[in-house]
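Overview (structure and organization)
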Amino acid sequence: MEEEEKNPSSIDIVSDLLEDIFLRLPLKSILISKSVSKRWRSILESKTFVERRMILQKKRKILAAYNCKCGWEPRLLPGSSRCKGNEEIVYLHCNAARPSLSCDGLVCILEPHWIDVLNPWTRQLRRYGFGFGTIFGVWSAFSPGSWAMGFGKDKVTGSYKVVKMCLLSLSKIRVRDPEVEYSVLDVETGEWRMLSPPPCKVSAVKRSVCVNGSIYWLHNTIDRVCKILVLDLHKEEFHNVSVPAMSVTQETHIVNLEDRLAIANTDTKAEWKLEIWSTDAEVKTWTKTYSISLENRVASRERQNRWFTPVSVSKQGNIVFYDNHKRLFKYYPRKNEILYLSADTTVISSFFENLAPLPLKSTLPYPHPRRRTKCPLSRPNEFGILDIILATLVLVGSIWSPLLFRVKL
């Protein structure tokens, strides 16, 4: 009986050792290892392993769209490119014209009749309908102010959710105070739920961001007062927060900068500059963190209908940002210099590895292959039996090496 009681503890020790070894492996070896056994898969898909793996990452990358209208499922292209300023760019093979949102390395893409949620690292893609029989599926027929989406992670449960706000029927679009549908999709279950409306009517909603378990939208109220609408993804409740004392225009956007809510405003009046305001964890106090002069420094002197959006901030305070003409820049505050990194780069977001598994099934089938066109890029090969055998041998060697070392000691 004593031996039977000791066996579970020995298995736990071996599992911990396996997890430590897996943490040191490259991404491809981890993905292959999932096919070796159910036990290995359970370790690699556990929340503790996913979180530890994310913590070990030294630097975030930049995710950009590789535009292709072939109709195949979106996927991460192999490899990456390193541009000036030592910035690494990875490319998502997708239709760049589709609106996309990202959170913790996962991407949500809005298609005309469905929603795709993709983990580019694990190559898992799940497809969902728009729910409740709304006509949101024909979003191309609406103006940008007629609908709004959000995508984020519930920091309490760890589940990912998609949020939508849209008009209930085409006949109500021209009504002064149209009825709006507020609903949320739980990616884990594939089910839509209705939400209680926010404390005030919203209009002219801009692109959303997710920060620390809440989704934020910059919007105008019916009284033409600019506010930030917030949805707590765990409580699934709306509330409003105020914006800093600044002039909010078409060139104003909210962003997630290193897990802090920030507002980027491109001032084109007296002095052409990019101002960035950031807030504390409770979104109560705003501080102007950057004021970057843009005159004669950003590849073109054109001011009208041009705005800039920050992507990431380094530990040294260097900030990467892009404009709406697909130009990428990097600002060095200590030198007060702007480096032109690249052109024709459709930035989606900052990006880092996330091995969080998605649910096993989609709620909608994929299009028939005949409806897809030929893609200029060859389809990636799946892992073969030789890859799995090699990964097994490598991991067996990795497991026995520390054990033998302990025995010798």
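Criteria and thresholds
- Residues numbered from 1 in each chain as written.
- Predicted model: local features only at pLDDT ≥ 70, side-chain atom pairs only at ≥ 80, totals over all residues.
- Heavy atoms only, no water.
- Helix = DSSP H or I, 4+ residues; strand = E, 2+ residues; numbered from the N terminus.
- Buried < 20%, exposed > 50% of the residue type's maximum accessible area, 1.4 Å probe, protein only.
- Contact = heavy atoms within 4.5 Å.
- Areas by Shrake-Rupley, 256 points an atom, 1.4 Å probe, with all protein chains shown as cover.
- Pairing = 2+ DSSP bridges.
- Axes fitted to C-alpha atoms, helices over the stretch in contact; angles between N-to-C directions.
- pLDDT = per-residue confidence, 0-100.
- Core = buried A, V, L, I, M, F, W, Y, C linked by side-chain atoms within 4.5 Å.
- Phe/Tyr/Trp six-rings, centres within 6.5 Å; stacked < 30°, edge-to-face > 60°.
- Lys NZ or Arg CZ within 6 Å of the ring centre and 35° of its normal.
- Salt bridge = Lys/Arg side-chain N within 4 Å of Asp/Glu carboxyl O.
- Arc of directions from axis to C-beta.
- Polar contact = N/O pair within 3.5 Å; in protein donor to acceptor, adjacent residues only side chain to side chain.

This part is about the overall build of the protein chain. On a plain count of helices and strands, the protein chain comes out with five helices and 26 strands. Here the protein chain, with 409 residues, has 47% of them falling under the buried criterion. Within the protein chain, residue pairs in contact and separated by at least 24 positions form 54% of the contacts whose partners lie at least 6 positions apart. With the model as given, the accessible surface of the protein chain reaches about 22,000 Å², and the carbon-plus-sulfur share is 53%.

One open sheet holds the four strands; their spatial order is β22-β23-β24-β25, and the pairing between them is antiparallel. The open sheet has two edge strands, β22 (308-313) and β25 (337-342), and neither has a second partner. Across the sheet, the mean angle from the axis of one strand to that of its neighbour is 30 degrees, orientation sign disregarded.

Right, let's talk about unusual backbone geometry for a bit. Positive phi is not limited to glycine here, since Asp104 has a value of about 55 degrees. Of note, Asp104 is situated in the loop between β5 (100-103) and β6 (106-110). We note that Asp259 has phi near 65 degrees; this positive angle belongs to a residue other than glycine. By the secondary structure assignment, Asp259 is in the loop between β18 (252-256) and β19 (261-267).

This part covers the pairing of β22. Among the six residues of β22, five are classified as buried, and the element is accordingly described as predominantly covered. In the sheet, β22 pairs with strand β23 (residues 319-323) via five bridges, with the strands oriented antiparallel. Across the sheet, the residue bridging to Pro310 is Phe321, located in β23. Hairpin remark: β22 followed by β23, antiparallel, with five residues in the connecting loop; positive phi at Gly317, about 90 degrees.

Across the protein chain, pLDDT averages 80, with 77% of residues at or above 70. Put simply, helix α5 (residues 385-408) is where the protein chain has its lowest mean pLDDT, 49, and strand β24 (residues 328-332) is where it has its highest, 96. Of the regions scoring below 50 in pLDDT, residues 135-145 engages in 27 contacts with residues more than four places distant in sequence or in other chains. Confidence over residues 402-409 falls short of pLDDT 50; this stretch has two contacts with residues more than four positions distant or in other chains.

Generally speaking, a soluble globular protein has its nonpolar side chains buried in company with each other. Ile115, Phe151, Val162 and Trp217 are the most contacted members of the largest nonpolar core, which totals 60 residues. Contact partners of Val162, with chain neighbours within four places excluded, come to Cys108, Ile115, Val117, Met149, Gly150, Phe151, Ser183, Val184, Leu185, Val187 and Trp192. If you look at the next biggest cluster of nonpolar residues, it comprises 17 residues, including Leu257, Ala262, Phe308 and Tyr331.

Our next topic: the packing of aromatic side chains. This model, assessed by the stated rule, comprises 11 aromatic pairs. For the pair Phe151 and Tyr160, a centre-to-centre distance of 6.0 Å together with 20 degrees between the ring planes defines the contact as stacked. With a relative accessible area of 2%, Phe151 lands in the buried category. When its relative accessible area of 8% is taken as the criterion, Tyr160 is described as buried. By the ring-pair criterion, three or more aromatic residues cluster together here, those being Trp272, Phe308, Phe321, Phe329 and Tyr340. Above the ring of Trp192, the side-chain terminus of Lys164 is found at 4.6 Å from the ring centroid.

What follows concerns the sheet that holds strand β7 (residues 115-119). A sheet is described by the order of its strands in space; here four strands give the open sequence β5-β6-β7-β8, paired in antiparallel fashion. The sheet is open, and its two borders are formed by β5 and β8 (124-128), each paired with just one other strand. Each adjacent strand pair in this sheet contributes to an overall mean axis angle of 20 degrees, direction not counted.

This part takes up the pattern of salt bridges. Inspection of every chain in the model, using the stated rule, returns 18 salt bridges. Lys273 is the partner of Glu275 in a salt bridge, and the nearest nitrogen-oxygen pair spans 3.2 Å. This pair shows no difference in class: Glu275 is buried, exactly as Lys273 is.

If you check which residues of helix α4 (residues 47-55) are buried, you get Phe49, Val50 and Arg53. The buried residues of α4 occupy an angular sector of 100 degrees when the element is viewed end-on, so they sit on one face. Within α4, the exposed residues directed more than 90 degrees away from the buried face are Lys47 and Ile55.

Right, let's get into the environment of Leu56. Within the secondary structure, Leu56 is located in the loop between α4 and β1 (61-67). The spacing of Leu56 and Leu23 is 33 residues in sequence and 8.4 Å in space, taken between C-alpha atoms.

Further remarks concern the environment of His93. Structurally, His93 is set in strand β4 (residues 87-94). For His93, a relative accessible area of 0% corresponds to the buried category. Along the backbone, His93 and Asn67 are 26 residues apart, and their C-alpha atoms lie at a distance of 6.4 Å.

Here we come to the pairing of strand β17 (residues 237-241). Note on strand geometry: in a regular strand, side chains alternate between the two faces of the sheet. Strand direction decides the pairing type here: strand β16 (residues 226-232) and β17, joined by five bridges, are antiparallel. Residue Ile228 lies in a different strand from β17, and its bridge partner there is Val241.

Our focus in this paragraph is the side chain of Glu181. The residue Glu181 is located in strand β11 (residues 180-186) in this model. At 3.1 Å, the side chain of Glu181 and the side chain of Lys164 are in polar contact. A polar side-chain atom of Glu181 sits 3.2 Å from a polar atom in the side chain of Ser183.

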